[in-house]
Each structure stands twice: as structure tokens, then as C-alpha cells.
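Examination of the molecular architecture
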Amino acid sequence: MGTLQSSSAPTEYCDLSEKTGFSFEQIAVLHKRFKQLSHDEDVLRRDHFSEIPDLASNPIRAEIIEAFFDQRNFSKNGKGKVEEIGFEEFLVVMSHFRPPSQHMTNEQRENVRKEKLRFLFNMHDTDNDGTITLEEYRHVVEELLSRSGALEKETAKSIADAAMLEVASISVGHMEPDEFYEGITFDHFLKLLAGFEIDSKMSIRFLNMDTITLCK
């Protein structure tokens, strides 16, 4: 697993910056946070995330934590989960929350948008089969609605089922009564969120710093 010691040379910072788009300053801030969470260890485990107050009341807390240990989010062609991550993996996952640079082309912005949406898709495709099934979708909706205290679990389940039918109608159009909708593929997911403004929803305020001049 990738780690970053406090004595890292500029070359290592530059490699990480090129891989994630973070500036040296941002990498330093995130490294400090990584060390705080890990109690100065070189790896993070799931139990370390229990110490983040803002996560405690988040209805999809489990999904957020699992995203950090899902190899799809930090390794090309990665599959499955790991038990611990180093700083480099932590940084790559955090890069999904980085606002796009002002210097990006439209094509680069679209690629960043797709990466963010892929990250969200992976959070809900918990069995890594390339499809968000009704059960996976139902679980998320139930968590969001029932844990808020506003609705009973059965009511939340009914809303999730109705929402999935709506998704099916948008994704594949007319369905025969005997047809079964297997779930949301990533292509369907992109179609459903075509007008969704993802950058402001998936960003971290302190990351609004330009990185373009740091690794030339």
C-alpha cells in the first residue's frame, strides 16, 4: 500500500499531485489528517473512521466508509475490498471530491464528472457486479428515509420500490408486464443524472486551490 512519510521529497509530492490533481499544500493537509485518523500509523482501517463526528449521524455512513476500502476507487481494474489502506489510496479516494480546475478543457471536465459518478455508482453497487439492483437501491433509500426518523421502514421500502420502477421507465422505456428490471447499469446511471450538478455536491471546501503550477 502507498504511504507518505513526513520527509517526502518533492518528487514524491509531484507524483501524487499528478495522480490526484492535488497541490503540494493540499497533500500536506490531507497527510496531516490521515496521520490524525490513523493515530500516526501508516495505514487506515475501518475503525479509524468511527472517530469522525460528522460521519456518526450520516445515514449512508457505512457506504461512505466502505468506499475507502473498495479497490475499484483507487486501483485500475481493481476488484473487492481491502482491510486497510495507505496514504496514497486515501488520497486517490479523496481526489473524487476535488473541484475541477479552472484550466480544464470541456473534455477533461466531463471525464472528471464521469469519475465522480462512477464513484457514486460503486458506493451503491455493493456486490461489484456492474448493476445497482433493486435490493441495493432499496437499502440506500431505506437508510436515508427510515434513519431520519421521518418514515417507517415499510413506507421507505414502498418508496424505494416505486422509485426503482420510475428509474426503469427512464432507463429502458416501455416494459411489458412480465418483464423484470435487473437494475441500474452505469450507462443508465449516467442517463439518469445527465442534468445533475455533481461538482458542488461532491466537493470539499478547503480544496479550492489551483494546482497547475506546482509540478512543472
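Criteria and cut-off values
- Here the residue index of a chain counts from 1 through its sequence in written order.
- The predicted nature of this model means local features are confined to residues of pLDDT at least 70 and side-chain atom pairs, given and counted, to a pLDDT of 80 or more, with totals for whole chains, interfaces and linings taken over all residues.
- For the side-chain quantities, the full set of heavy atoms in the structure was used; hydrogens and water were omitted.
- For helices the rule is a DSSP run of H or I covering at least 4 residues; for strands it is a run of E covering at least 2, with both sets numbered from the N terminus onward.
- Buried, partly exposed and exposed residues are distinguished by accessible area as a fraction of the type maximum, computed with a 1.4 Å probe on protein chains only: under 20%, between the cut-offs, and over 50%, respectively.
- Contacts are assigned to residue pairs with any non-hydrogen atoms lying within 4.5 Å of each other.
- Reported accessibility uses the Shrake-Rupley method at a 1.4 Å probe radius. Residues are deemed covered only where the shown protein chains occlude them.
- As used here, the term nonpolar core means buried Ala, Val, Leu, Ile, Met, Phe, Trp, Tyr and Cys residues forming a set that is joined through side-chain atoms within 4.5 Å.
- Whenever a nitrogen or oxygen atom comes within 3.5 Å of another N or O atom, the pair is scored as a polar contact, on the condition that within protein one atom can donate a hydrogen and the other can accept it, and that pairs from neighbouring residues in sequence are kept only if both atoms are in side chains.
- pLDDT expresses, on a scale from 0 to 100, how confident the predictor is about each individual residue.
- By definition here, a salt bridge exists when the distance from a side-chain nitrogen of Lys or Arg to a carboxyl oxygen of Asp or Glu is within 4 Å.
- Helix span, as expected, comes to 1.5 Å for every residue beyond the first.
- The arc in question is the one traced by the directions running from the helix axis out to the C-beta atoms.
- Axis lines are fitted to C-alpha atoms, over the contacting stretch for helices. Their N-to-C directions set the angle, which ranges from 0 to 180 degrees.
- Between 65 and 115 degrees an angle is taken as roughly perpendicular, under 35 as roughly parallel, over 145 as roughly antiparallel, and anywhere else as oblique.
- Take the far helix as your reference; a near helix turned counterclockwise from it by less than a right angle gives a left-handed crossing, and one turned clockwise gives a right-handed crossing.
- Each residue is assigned to one class: nonpolar for Ala, Val, Leu, Ile, Met, Phe, Trp, Tyr, Cys and Pro, charged for Asp, Glu, Lys and Arg, and polar for all the others, Gly among them.

Regarding its fold elements, the protein presents 10 helices and 4 strands. N-terminal to C-terminal, the α/β element order of the protein is α-α-β-α-α-β-α-α-β-α-α-β-α-α. Relative to its 216 residues, the protein shows a buried fraction of 42%. Here the analysis covers contacts within the protein between residues at least 6 apart in sequence; of these, 57% occur between residues at least 24 apart. Roughly 12400 Å² of accessible area belongs to the protein as shown, and the carbon and sulfur atoms make up 51% of that amount.

The next subject is the nonpolar core. Nonpolar side chains in soluble globular proteins tend to be buried together. Counting 37 residues, the largest nonpolar core has Phe-49, Phe-68, Ile-85, Phe-87, Phe-90 and Phe-189 as its most contacted members. Per element, the largest residue contribution to this core is 6 residues, and it comes from helix H5 (residues 87-94). The residues contacting Phe-90, other than those within four sequence positions of it, are Leu-30, Phe-34, Leu-44, Phe-68 and Ile-85.

By the element assignment, Ser-17 lies in helix H1 (residues 10-20). Polar side-chain contacts of Ser-17 include one of 2.3 Å to the backbone oxygen of Phe-22.

On to the confidence of the model for the protein. For the protein, the mean per-residue pLDDT works out to 78, and 75% of the residues sit at or above 70. In the model of the protein, helix H8 (residues 153-172) stands out as the element of lowest mean pLDDT, 69, in contrast to strand E2 (residues 84-85), which has the highest, 97. Low pLDDT (under 50) marks residues 2-9, which in the prediction has 18 contacts with non-local residues, meaning those over four places away or in another chain. This stretch, residues 206-216, has a pLDDT under 50; its non-local contacts, to residues over four places away or in other chains, come to 27 contacts.

This paragraph deals with the pattern of salt bridges. Across all of its chains, the model carries 9 salt bridges by this definition. In this structure, the salt-bridge partner of Glu-66 is Arg-46, at a minimum N-O distance of 2.7 Å. Of this pair, Glu-66 sits in helix H4 (residues 61-67) while Arg-46 is found in the loop between strand E1 (44-45) and helix H3 (53-56), placing the two residues 20 residues apart along the sequence. When its relative accessible area of 24% is taken as the criterion, Arg-46 is described as partly exposed. Note that Arg-46 and Glu-83 form a salt bridge whose closest N and O atoms lie 3.6 Å from each other. A residue pair is termed long-range when its members are at least 10 positions apart, and Arg-46 in the loop between E1 and H3 and Glu-83 in the loop between H4 and E2 qualify at 37 residues. What makes Glu-83 exposed here is its relative accessible area of 60%. If you follow the salt bridges from partner to partner, you end up with Arg-46, Glu-66, Lys-81 and Glu-83 in one network.

So, on to helix H2 (residues 24-38). The first and last C-alpha atoms of H2 sit 21 Å apart over 15 residues, in line with the 21 Å expected at 1.5 Å per residue. If you check which residues of H2 are buried, you get Gln-26, Ile-27, Leu-30, His-31, Phe-34, Lys-35, Leu-37 and Ser-38. Each buried residue of H2 sits inside an arc of 170 degrees when the element is viewed along its axis, so together they form one side. Once H2 finishes, His-39 follows within two positions and takes phi at roughly 55 degrees, a positive value.

We note that Asp-40 has phi near 70 degrees; this positive angle belongs to a residue other than glycine. By the element assignment, Asp-40 lies in the loop between H2 and E1. Here the phi dihedral of Asn-128 falls at roughly 60 degrees; this positive angle occurs in a residue that is not glycine. Position of Asn-128 relative to the elements: it lies in the loop between helix H6 (106-124) and strand E3 (131-132).

On to the packing of H2 against H5. Direction vectors running N to C along H2 and H5 enclose 120 degrees, while the axes themselves pass 11 Å from each other. The orientation of H2 relative to H5 falls into the category oblique. Where H2 crosses over H5, the handedness of that crossing is right-handed. Every residue of H5 that contacts H2 at Ile-27, Leu-30, His-31 and Phe-34 is listed here: Phe-87, Phe-90, Leu-91 and Met-94. Residues of the contact of H2 with H5, tallied by class, amount to 7 nonpolar, 1 polar and no charged.

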